[in-house]
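# A closer look at the structure
Chain by chain, the residues:
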Amino acid sequence: MTILVTGGTGNLGRHIVERLLFTGRPVRVLTRDAGVARPPEGVEMVEGDLEQPSSLAAALKGVDALHLLGATGADHAPLRTGREILTMAAEAGVRRITVLSPGNGQGLDDAVRGSGLEWTFLWPVDLMANALAWGDAIRAEGRVREPYGDRRTASVHERDVADVVSIILTEGGHAGRSYVLTGPQALSPADKTAALAAAAGREIHFTHLTDRQARELWRTQGWPEEGIDFMLRMWATVPTTVADVTSSVERVTGRPPRSFAQWATAHAATFRSLGSA
Ligand SMILES: NC(=O)c1ccc[n+]([C@@H]2O[C@H](COP(=O)([O-])OP(=O)(O)OC[C@H]3O[C@@H](n4cnc5c(N)ncnc54)[C@H](OP(=O)(O)O)[C@@H]3O)[C@@H](O)[C@H]2O)c1
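Residues numbered from 1 in each chain as written. Predicted model: local features only at pLDDT ≥ 70, side-chain atom pairs only at ≥ 80, totals over all residues. Heavy atoms only, no water.

## What to know about the overall build of the protein chain
- Check the secondary structure of the protein chain and you find eleven helices and eleven strands.
- Rg of the C-alpha trace for the protein chain: 19 Å, near the compact-globule value of 19 Å for 277 residues, within the 12% margin.
- Taking the principal axes of its C-alpha atoms as reference, the protein chain extends roughly 55 × 40 × 35 Å.
- Taking the contacts inside the protein chain whose residues are at least 6 apart along the sequence as the reference set, 71% of them involve residues at least 24 apart.
- When the accessible surface of the protein chain is summed, it comes to about 13,200 Å², and 49% of that surface belongs to carbon and sulfur atoms.
- Where the 29 positive side-chain charges of the protein chain centre and where its 32 negative ones centre are 3 Å apart. (Helix = DSSP H or I, 4+ residues; strand = E, 2+ residues; numbered from the N terminus. Rg over C-alpha atoms; globule rule 2.2 N^0.38 Å. Contact = heavy atoms within 4.5 Å. Areas by Shrake-Rupley, 256 points an atom, 1.4 Å probe, with all protein chains shown as cover. Lys, Arg positive; Asp, Glu negative; His and termini not counted. Charge placed at Lys NZ, Arg CZ, Asp CG, Glu CD.)

So this is what it looks like as structure tokens:
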């Protein structure tokens, strides 16, 4: 039976897809535009839009396990069509589902709990891969500019999230649970900058920005206005619990989560300037 991955073309989802391919199960990815998507070999792409459930019938056909995004769009708005999607999924034969949501009662959470499916909520507090957004500025000028530079988050490696999704969808045993997924330590953007400098073997400076300076910078980088609003609102209101390290990755995978230093070493080439090694 097939596993359907929504968001499978994204920064996180492509790791989930790669990990699921190792299990030997047929993997299908939902995308809004199959002409743009570049799937790995062996993956079936099917077009559909989560905001238009009627477009999802082909994607759900023959699927017994589903990884579902809990939010879409640049403003990460909670999915409003969850109830319809879950009804269609159950009718199509889906039994097991991982949902990318804190599971704290917002958005589609009630629909998931009442769906009759084997559900598990998964919430990565912050993906280590978000640091890739600093790549251009680091390569060009050896500097990271961010607001809230001292705010610590227990960021999680996207491959750990992928391992967790794959284990839950293919092996089961986690129905009715909500897991906050974190790495092994909480780091601030300034701490991460230092870790990237150590891994890349070069100086990288950190500049603290005010909200206004951040808005101006992100506009020049072409960010959509709703994406800027989302980020600034998120940082201003995020609870200090995002720095709390959980045991969820180890509980599901049986091994400790990967560290940011490991992530930085694996991505060191991305942060070296063109002139350096
Ligand atoms: N970054 C973080 O730290 C973090 C933390 C917690 C949760 N999350 C959540 O994790 C999810 C994935 O993050 P990411 O960084 O991998 O995102 P991303 O790289 O921006 O990718 C977004 C993905 O969502 C799909 N998508 C968006 N709207 C869709 C729609 N209406 N119908 C179907 N597919 C749609 C896109 O597919 P196509 O473009 O191919 O259609 C793409 O695969 C997001 O929902 C985000 O809210 C992220």
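Now that the structure has been shown, we can carry on.
## A look at the site of the ligand
- Among the 22 residues in the neighbourhood of the ligand, the closest are listed as T9, L12, T31, R32 and H76.
- Within the contact set of the ligand, an oxygen atom lies 2.7 Å away from a side-chain nitrogen or oxygen of R32.
- When the ligand sits alone it has 900 Å² of accessible area, and the protein chains cover 80% of it.
- Where the shell around the ligand is concerned, the elements lending two or more residues are β2 (27–31), β5 (71–72) and β8 (118–124).
- Classifying every residue of the shell around the ligand by side-chain character gives nine nonpolar, nine polar and four charged. (Near = heavy atom within 4 Å. Polar contact = N/O pair within 3.5 Å; in protein donor to acceptor, adjacent residues only side chain to side chain. Nonpolar A, V, L, I, M, F, W, Y, C, P; charged D, E, K, R; others polar.)

## Here's the deal with the sheet that holds strand β10 (residues 177–181)
- Across the sheet, seven strands lie side by side as β3-β2-β1-β4-β7-β8-β10; this open sheet has parallel pairing. A strand with exactly one partner marks an edge of an open sheet, and here the two such strands are β3 (43–47) and β10. Across the sheet, the mean angle separating the axes of adjacent strands is 20° when strand polarity is ignored.
- Sheet topology places strand β1 (residues 2–5) next to strand β4 (residues 63–69); four bridges connect them, and they run parallel. In the sheet register, I3 faces β4, and the bridge partner there is A65. (Pairing = 2+ DSSP bridges. Axes fitted to C-alpha atoms, helices over the stretch in contact; angles between N-to-C directions.)

## Here's the deal with the packing of helix α1 (residues 13–22) against helix α6 (residues 158–171)
- Axis separation between α1 and α6 bottoms out at 8 Å; the angle between their running directions is 50°. Here α1 is positioned oblique relative to α6, judged by the angle of their axes. Remark: the crossing between α1 and α6 carries right-handed chirality. Counting all contacts with α1, which are made through H15, I16, R19 and L20, the residues of α6 involved are E158, R159, A162, D163, V165, S166, I167 and T170.
- Its residues assigned to classes, the contact of α1 with α6 shows five nonpolar, three polar and four charged. (Parallel < 35°, antiparallel > 145°, perpendicular 65-115°, else oblique. Left-handed = near helix turned anticlockwise from the far one by under 90°.)

## Structural notes on the nonpolar core
- Ranked by size, the top nonpolar core spans 25 residues in total, and within it V5, I16, L122, V161, V164 and L181 carry the most contacts.
- Those elements that place two or more of their residues in this core are β1, α1, β2, α6, β10 and α10 (248–253).
- In terms of residue count, the dominant contributor to this core is α6 (seven residues).
- For V164, the residues in contact, after removing those within four places along its chain, are L122, L181, V249, V252 and T253. (Core = buried A, V, L, I, M, F, W, Y, C linked by side-chain atoms within 4.5 Å. Buried < 20%, exposed > 50% of the residue type's maximum accessible area, 1.4 Å probe, protein only.)

## Let's talk about the pairing of β4
- Within β4, six of the seven residues are buried, which leaves it mostly tucked inside the rest of the structure.
- Pairing analysis gives five bridges linking β4 to strand β7 (residues 96–100), with the strands arranged parallel. Opposite L69, over in β7, you have L100 as the bridge partner.

## Concerning the packing of aromatic side chains
- Counted under the stated rule, the structure contains five aromatic pairs.
- An angle of 50° between the planes, with centres 5.1 Å apart, marks the rings of W119 and F121 as tilted. In terms of burial, W119 and F121 fall into one category: buried.
- Where F260 meets W263, the ring centres are 5.5 Å apart and the plane angle is 15°; that geometry is what we call stacked. Of this pair, F260 and W263 both sit in helix α11 (residues 260–266), three residues apart, roughly one helical turn.
- Classification of F260 by relative accessible area gives buried; the value is 3%.
- Following the ring pairs from residue to residue traces out a cluster consisting of F260, W263 and F271. (Phe/Tyr/Trp six-rings, centres within 6.5 Å; stacked < 30°, edge-to-face > 60°.)

It is worth stressing that arrangement in space is one thing and function is another; only the former is reported here.
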